[in-house]
Amino acid sequence: MIDTQCSGNVGQQPVMRETKNGEKVLSFSIAVDKGKKDGEKLPPYWVDCSLFGKRAVSLEPYINQGSKLAVTGTPSVRCYNNKAYQCLTIEKLTLMGSVSKLDQETAPQSSVSVDLDDEIPF
């Protein structure tokens, strides 16, 4: 099995779809920075990513346009209109960077309260 790792920023707001058998799929693209050549910034390398199942549903609120992610998965290539597109079926995903204002507004709010004043019985 071949695994590919990359990190970058999410290009557009992710889209949740559903397969014919009802499985959820979160699709988004990541812009991977290629650095500079002769002092000029090179255009990014785009990777189309797909996240399947329960992880797609649970991570959807946290992945937004501009989010910085590191992903690992199985690479593939799809062709459309004589262009080749790099694709990645995600197996591991790491949210990187700080939480943006958009992330704070769209992420589910936790209502869990923890009482730290309890005495330890031992």
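Residues numbered from 1 in each chain as written. Predicted model: local features only at pLDDT ≥ 70, side-chain atom pairs only at ≥ 80, totals over all residues. Heavy atoms only, no water.

Participant: Is there a simple way to explain the overall build of the chain in this structure?
Facilitator: Within the chain, the secondary structure is distributed over 2 helices and 8 strands. Counting from the amino terminus, helix and strand elements in the chain follow one another as β-β-β-β-β-β-α-β-β-α. Residue burial in the chain is summarised as follows: out of 122 residues, 26% are buried. (Helix = DSSP H or I, 4+ residues; strand = E, 2+ residues; numbered from the N terminus. Buried < 20%, exposed > 50% of the residue type's maximum accessible area, 1.4 Å probe, protein only.)

Participant: Can you walk me through the nonpolar core in this structure?
Facilitator: Generally speaking, soluble globular proteins have nonpolar side chains that are buried together. In this structure, Phe 28, Cys 49, Leu 69, Val 71 and Leu 93 are the most contacted members of the largest nonpolar core, which totals 16 residues. Looking at this core, the elements with two or more residues in it are β1 (4–10), β3 (24–32), β6 (45–52), β7 (68–80) and β8 (83–96). Among the elements that line this core, the one with the most residues is β3, at 4 residues. Residues contacting Leu 93, with those up to four places away along its chain left out, are Phe 28, Leu 51, Leu 59, Ile 63, Leu 69, Ala 70 and Val 71. (Core = buried A, V, L, I, M, F, W, Y, C linked by side-chain atoms within 4.5 Å. Contact = heavy atoms within 4.5 Å.)

Participant: What am I meant to see in the pattern of salt bridges here?
Facilitator: Opposite charge on two side chains permits them to pair, given that their charged atoms come into close proximity. This structure, assessed with the given rule, holds 2 salt bridges. In this structure, the salt-bridge partner of Arg 78 is Asp 48, at a minimum N-O distance of 2.9 Å. Of the two residues, Arg 78 is situated in strand β7 and Asp 48 in strand β6; the sequence distance between them amounts to 30 residues. Here Arg 78 falls in the partly exposed class, since its relative accessible area comes to 38%. When its relative accessible area of 21% is taken as the criterion, Asp 48 is described as partly exposed. (Salt bridge = Lys/Arg side-chain N within 4 Å of Asp/Glu carboxyl O.)

Participant: Even after reading the chapter, I still don't get the confidence of the model for the chain, so can you show me in this structure?
Facilitator: For residues with low pLDDT, the predicted coordinates do not support detailed interpretation. For the chain, per-residue confidence averages 82 on the pLDDT scale, and 80% of positions sit at 70 or higher. This model gives residues 110–117 a pLDDT under 50, and the stretch forms 0 contacts once residues within four places in sequence are excluded. (pLDDT = per-residue confidence, 0-100.)

Participant: What exactly am I supposed to notice about the pairing of β1 here?
Facilitator: With 6 bridges joining them, β1 and β7 adopt antiparallel strand pairing. Each bridged residue has a counterpart across the sheet, and for Cys 6 the counterpart in β7 is Val 71. (Pairing = 2+ DSSP bridges.)

Participant: How do you make sense of the environment of Lys 34 when you look at a structure like this?
Facilitator: Of note, Lys 34 is situated in the loop between β3 and β4 (36–37). Here Lys 34 falls in the partly exposed class, since its relative accessible area comes to 45%. Residues Lys 34 and Pro 44 lie 10 residues apart in sequence; the distance between their C-alpha atoms is 5.7 Å. When near neighbours in sequence (up to four residues on either side) are disregarded, Lys 34 contacts Leu 42, Pro 43, Pro 44 and Tyr 45.

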